[in-house]
Amino acid sequence: MATIDIVRDVLVENLDLDPEAIVETATVEDLGIDSLDMVEMVCEIEERCDVDFGEPEGLTTIGDIVAHIDSLK
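About the cut-offs
Residues numbered from 1 in each chain as written. Predicted model: local features only at pLDDT ≥ 70, side-chain atom pairs only at ≥ 80, totals over all residues. Heavy atoms only, no water. Core = buried A, V, L, I, M, F, W, Y, C linked by side-chain atoms within 4.5 Å. Buried < 20%, exposed > 50% of the residue type's maximum accessible area, 1.4 Å probe, protein only. Helix = DSSP H or I, 4+ residues; strand = E, 2+ residues; numbered from the N terminus. Contact = heavy atoms within 4.5 Å. Axes fitted to C-alpha atoms, helices over the stretch in contact; angles between N-to-C directions. Parallel < 35°, antiparallel > 145°, perpendicular 65-115°, else oblique. Left-handed = near helix turned anticlockwise from the far one by under 90°. Nonpolar A, V, L, I, M, F, W, Y, C, P; charged D, E, K, R; others polar.

We now examine the nonpolar core. Among the nonpolar cores identified, the biggest contains 23 residues, and Val7, Leu11, Ile45, Ile62 and Ile65 are the most heavily contacted of them. Of all the secondary structure elements, the ones that give two or more residues to this core are α1 (3-15), α2 (35-49) and α3 (62-72). With residues near it in sequence (within four places) discarded, Ile62 still touches Ile4, Val7, Leu11, Ile22, Val23, Glu24, Ala26 and Leu31.

Axis separation between α1 and α2 bottoms out at 10 Å; the angle between their running directions is 130°. Relative to α2, the element α1 is oriented oblique. With respect to the hand of their crossing, α1 and α2 are arranged in right-handed fashion. On α2, the residues that touch Ile6, Val7, Asp9, Val10, Leu11, Glu13, Asn14 and Leu15 of α1 are Asp37, Met41, Glu44, Ile45, Arg48 and Cys49. Among the residues forming the contact of α1 with α2, the class breakdown is eight nonpolar, one polar and five charged.

Another point: the environment of Val23. Relative to the elements of secondary structure, Val23 occurs in the loop between α1 and α2. Distance from Val23 to Ile62, taken between C-alpha atoms, is 6.5 Å for residues 39 residues apart in sequence.

Here it is, written out as structure tokens:
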């Protein structure tokens with residue numbers, strides 16, 4: 001499964017977001033993801049991808065998040 005699909009699944013399942021809105025150019029702010037949501041998302045992604053995500057600083061778009069995860073694999 002592609003990383004973008006994993007991120008999309010996590011956001012849809014945990015935040016009830018529209019899957020069509022979760023594209024690489026969408027910003028965290030545009031999607032209404034707050035700091036608590038980000039922590040929950042990171043924990044779920046770490047579990048699903050078996051990575052140590054680290055601090056999600058400077059990640060403003062879904063594409064940034066996907067690239068960061070891919071760099072950890």
